[in-house]
Amino acid sequence: MNAVTTYEVRPAGSRYEGAVILLVTIAVVAVLALYVREQGRSDDVEEIFEWQVSAFATLTGADQAIYNSLYTVAEEIPYIYDDINFSNAPGEKFRWPSIEDFQYYLLPPFYKDTSWEQNGSLQWSLYEPLPEGEMQGSTLYLGTDGQLPGQGSFLLVIGHVHAGFTNNNAIVIWWNEANHVEMPESGFQDGLILRGWREVVPYSGEQEVDRIYGE
Amino acid sequence: MRLSDLIQRPLLGLVTIVLAFAAGAADAAGLKIGITLHPYYSFVANIVGDRAEIVPLIDANANPHGYAPQPNDMIRMTTMDVLIVNGIGHDAWAFEILDAAGVADTLQLIYANDGVSLIPIAGDPSGEKIVNPHTFISTTAAIQQVYTIARQLGERDPDNATYFRNNARRYALEIRRLRSEFDEKVVGVNLSNFRCATMHSGYDYILQELGLQVTAVIEPRHGVEPSARQLADTIDRIEAADVNVLFAEKYFASRLSDTIREATGVNMYSISHISSGEYTAEKFVSEMRENLGTLARAITDTADASR
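Calculation rules
Here, residues in each chain are numbered from 1, in the same order as that chain's written sequence. By the order in which they are written, chains take letters starting at A while ligands take numbers starting at 1. Totals for whole chains, interfaces and linings use every residue, but because this is a predicted model, local features are given only for residues with pLDDT of at least 70 and side-chain atom pairs only at 80 or more, for both listing and counting. The basis for every side-chain value is the complete set of heavy atoms in the structure, and neither hydrogens nor water enter the calculation. At least two bridges found by DSSP between two strands are what make those strands a pair. Where helices and strands are cited, they refer to DSSP runs of H or I of at least four residues and of E of at least two residues respectively, numbered from the N terminus. Only the contacting stretch of a helix is used when fitting its axis, a line to C-alpha atoms as for every element, and angles between N-to-C directions run 0 to 180 degrees. By the convention used here, residues are in contact when the closest approach between their heavy atoms is within 4.5 Å. Among buried residues, the Ala, Val, Leu, Ile, Met, Phe, Trp, Tyr and Cys ones that are joined through side-chain atoms within 4.5 Å form a nonpolar core. For every residue, the accessible area obtained with a 1.4 Å probe (protein chains only) is divided by the maximum for its type, and the residue is called buried under 20%, exposed over 50%, and partly exposed between those limits. Where each domain starts and ends comes from a domain assignment, either automatic or drawn from a database. The aromatic pairing rule takes the rings of Phe, Tyr and Trp, using the six-membered ring of Trp, and pairs them if the centres are within 6.5 Å, calling planes under 30 degrees apart stacked, those over 60 edge-to-face and the rest tilted. The criterion for a charge sitting over a ring is simple: Lys NZ or Arg CZ within 6 Å of the ring centre, and within 35 degrees of the ring normal. Between the first and last residue of a helix there are one fewer steps than residues, each counted as 1.5 Å, and that sum is the expected span. The patches reported here contain residues having more than 30% relative accessible area and no salt bridge. Joining distances are 9 Å for like charges and 5 Å for nonpolar side chains (Val, Leu, Ile, Met, Phe, Trp, Tyr). Residue burial considers only the protein chains on display, and all accessible areas are found by Shrake-Rupley using a 1.4 Å probe. A side-chain nitrogen of Lys or Arg and a carboxyl oxygen of Asp or Glu constitute a salt bridge if their distance falls within 4 Å. For this analysis, a polar contact is any N or O atom pair within 3.5 Å, provided that within protein one partner can donate a hydrogen and the other can accept it, and provided that sequence-adjacent residues contribute only side-chain to side-chain pairs. Note that the term roughly parallel is reserved for angles under 35 degrees, roughly antiparallel for angles over 145, roughly perpendicular for angles of 65 to 115, and oblique for everything else. Crossing handedness is read from the near helix: turned anticlockwise from the far helix by less than a right angle, it gives a left-handed crossing, and turned clockwise, a right-handed one. Polarity classes work like this: nonpolar for Ala, Val, Leu, Ile, Met, Phe, Trp, Tyr, Cys and Pro, charged for Asp, Glu, Lys and Arg, and polar for all others, with Gly in that last group. In this analysis a 1.4 Å probe is tested at points of a 1 Å grid over the protein atoms alone, and where it fits but cannot get out there is a cavity; an open set with protein on both sides within 12 Å along at least five of seven lines is a pocket; lining residues have an atom within 4 Å of a point. Grid points are joined across faces, edges and corners, and a volume is the space filled by probe spheres set on the points.

1. Re the sheet that holds strand 1 (residues 32–35) of chain B
Residues and elements named next belong to chain B.
- Strand order across the open sheet formed by four strands is 2-1-3-4, with parallel pairing between neighbours. Of all strands in the sheet, those bounded by a partner on one side alone are strand 2 (53–56) and strand 4 (108–111). Strand-to-strand twist of the sheet, defined as the mean angle between neighbouring strand axes without regard to direction, takes the value 30°.
- Packing of helix 5 (residues 140–156) onto the sheet brings it into contact with strand 1, strand 3 (82–85) and strand 4, and relative to strand 4 it is tilted by some 155°.

2. Considering the nonpolar core
- In terms of nonpolar packing, the biggest core is built from 89 residues, with M77, I149, L153 and F247 of chain B touching the most fellow members.
- Inspection of this core shows a minimum of three residues originating in each of domain 1 (29–180) and domain 2 (187–306) of chain B.

3. A few points about the packing of aromatic side chains
- The final tally for this structure, using the stated rule, is 22 aromatic pairs over all chains.
- Measuring from ring centre to ring centre gives 5.3 Å for F56 of chain A and Y203 of chain A, while their planes differ by 55°; the resulting arrangement is tilted. A residue pair is termed long-range when its members are at least 10 positions apart, and F56 of chain A in the loop between strand 1 (52–54) and helix 2 (61–85) and Y203 of chain A in the loop between strand 6 (198–201) and helix 6 (205–213) qualify at 147 residues.
- Look at F56 of chain A and you get buried, because its relative accessible area is 0%.
- Between Y104 of chain A and Y105 of chain A, the aromatic rings sit 5.1 Å apart at their centres with planes inclined by 90°, giving edge-to-face as the arrangement.
- A relative accessible area of 65% places Y104 of chain A in the exposed class.
- Counting every residue linked through ring pairs, the aromatic cluster contains Y40, F43, F136, Y171 and F284 of chain B.
- Taking the ring centre of Y163 of chain B as reference, the NZ or CZ of R51 of chain B above it sits at 3.6 Å.

4. Some thoughts on helix 5 of chain B
- Given a rise of 1.5 Å per residue, 17 residues ought to cover 24 Å, and the 25 Å separating the end C-alpha atoms of helix 5 of chain B matches this to within 8%.
- In terms of burial, helix 5 of chain B is a largely internal element, 14 of the 17 residues being buried.

5. A word on a nonpolar patch on the surface
Residue and element names in this part refer to chain A.
- A grouping of Y16, V20, V24, V28 and L32 is seen on the molecular surface, where their side chains present a nonpolar patch of about 490 Å² in accessible area.
- Along the chain, the position of V24 falls in helix 1 (residues 14–39).
- Classification of V24 by relative accessible area gives partly exposed; the value is 49%.

6. Digging into the interface of chain A and chain B
- Contacts between chain A and chain B engage 37 residues on the former and 40 residues on the latter.
- The interface formed by chain A and chain B includes three salt bridges.
- Here chain A is connected to chain B by 16 residue pairs in polar contact (both at pLDDT 80 or more).
- Put simply, the parts of the chain that give the side of chain A that touches chain B at least two residues each are helix 2, helix 4 (114–118) and helix 6 of chain A.
- Ranked by the residues each element gives to the side of chain A that touches chain B, the list is headed by helix 2 of chain A, at 14 residues.

7. Side note on the pattern of salt bridges
- Following the criterion strictly, the structure yields 14 salt bridges over all chains and no others.
- In this structure, D83 of chain A engages R169 of chain B in a salt bridge whose closest nitrogen and oxygen atoms are separated by 2.9 Å. Highlighted residues: D83 of chain A in helix 2 and R169 of chain B in helix 6 (residues 161–186), drawn from two different chains.
- As a salt-bridge pair, R76 of chain B and D73 of chain B come within 3.0 Å of each other at their nearest N and O atoms. With R76 of chain B and D73 of chain B both in helix 3 (residues 71–77) and three residues apart, this pair spans about one turn of that helix.

8. Some words on the packing of helix 2 (residues 38–48) of chain B against helix 5 of chain B
Residues and elements named next belong to chain B.
- Relative orientation of the contacting elements helix 2 and helix 5 amounts to 55°, with a least axis distance of 10 Å. Judged on the interaxial angle alone, helix 5 and helix 2 are oblique. Crossing angle aside, the handedness with which helix 2 passes helix 5 is right-handed. Contacts from Y40, F43, V44, I47 and V48 of helix 2 reach helix 5 at A142, Q145, V146, I149, A150 and L153.
- In the contact of helix 2 with helix 5, the residues fall into 10 nonpolar, one polar and no charged.

9. Points about the sheet that holds strand 7 (residues 245–249) of chain B
All names here are of chain B.
- Taken in spatial order, the four strands of this open sheet run 6-5-7-8, and their pairing is parallel. Edge positions in the sheet fall to strand 6 (214–219) and strand 8 (267–271), since each has one partner strand and no second. Within the sheet, the average angular offset between the axes of one strand and its neighbour, ignoring direction, is 25°.
- Across five bridges, the pairing between strand 7 and strand 8 is parallel. When the sheet's bridge partners are listed, A248 is paired in strand 8 with S270.
- Sheet contacts for helix 10 (residues 283–306): strand 7 and strand 8; angle to strand 8, the most-contacted strand, approximately 165°.

10. Topic: empty space enclosed by the protein
- According to the stated counting rule, one finds five cavities of 30 Å³ or more in the structure shown.
- Elements represented by at least two residues in the lining of the largest cavity include exactly helix 2 and helix 4 of chain A.
- The element best represented in the lining of the largest cavity is helix 2 of chain A, accounting for three residues.
- Along the lines of polarity and charge, the residues of the lining of the largest cavity split into eight nonpolar, three polar and three charged.
- In this model, the second largest cavity occupies a volume close to 110 Å³.
- Along its surface, the second largest cavity is lined by 14 residues, and N68 of chain A together with S117, T140, A141 and E209 of chain B are the ones closest to its centre.
- Contributions of two or more residues to the lining of the second largest cavity are made by helix 2 of chain A together with helix 5 and helix 7 (204–209) of chain B.
- No other element matches the five residues that helix 2 of chain A contributes to the lining of the second largest cavity.
- Of the residues that constitute the lining of the second largest cavity, the class distribution is five nonpolar, eight polar and one charged.
- In this structure, the lining of the second largest cavity is formed jointly by two domains, domain 1 (29–180) and domain 2 (187–306) of chain B, each of which donates at least three residues.

Structure, rendered in structure tokens:
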């Protein structure tokens, strides 16, 4: 019987094979990382300022529902304003809709129904700092004293150019984490921020479309 | 002048006149408006009345979830002046058809959700904030879309802009009255024991509007059934939170709903996704009325059982 002889066979390029595989792996990972950075989905759905709060990412439950209702109300208030002032007599002062007017239009979050109760029964009031008909400075709707734990307060401001606002009848919605808040003296941004108000910004369908399909 | 000229010139003139008349008639007939989903048919029909034509992109009984584009869709798309899309994940197939039909650069789109403040999918076990695209199963978010569509159609058809806007307002009030009808059914009912889960995320907008929070969602993403482990965790969450109502899809049945009902003893109710059947102007209001009626019944049943 012949004795068994063992030979160790090594590949010709064995000295470099490991290094080549390592380099190729690093190159593949680097290319993929670059691709993901450029083309991949970002989880940062929106960028906002310190004095703003995201309706999508931060507000929850009832406060999110109230904000979304206010957001749609902003679309309707100018129409209601036209309705209620349509048949004004000559010289009669124009006015913005009252909380009672909103009851007639079944308009949440002002309309007092079961959903209003479920969302905390916020107490709404209207304030016009300079009640001079068409020349009023701004119109404020405050919702406060919600009944749900941790619920904040809301302020809808309609600003007017002649009172120093940038855009006429521009509507801005503010949120304050305090459950009870007194009516602010004016709707100007700086004063509101100093008193703990933060502008609520939506994550809109337009932003989502941009995220999915690119601008 | 040759005899043929004597015949051809008046004939050409006649053809020109007929084509001009036809073009004028087409203008008078208004826009040809494409839509991707059933609710958008109802929205547009109530906005434009008889002053435009509505062209559904896909067949009435096609399931828009995971829809595979068909050749006819491309033909329909080439006839449209404008297409109204959800655009945030519920009709991604429309963009495939746009590319396939070669009109991606020419067909104007109206993104119905442009002005909608979106919410995340509720009760997602991952805790991630994923955009919920079911904005049309709602009242407030639906009204916002009606206004967006009316405004953008008015920009494309200025002669009818006021007509569209007035119709949008009338329709918005009709949608809002659905909430009043719902309220009449539940006013005074004790909701403190009402805790619900949903089979998928389609009902988050309407439930949130009504102040009804969702404890758990079984299938947060359409068509992606949970694993055995995820399902077991969800059942644990339902039991831990003492959930007593499960809302399932009316038209797209899932065997999982029966499994969960058997495992937890919850009462199950069916909600319409408004995504199937004939395209009609009344469909959205009709099915939302039915949905709100079902929600009211779930609430009163729960209150009765708690007495």
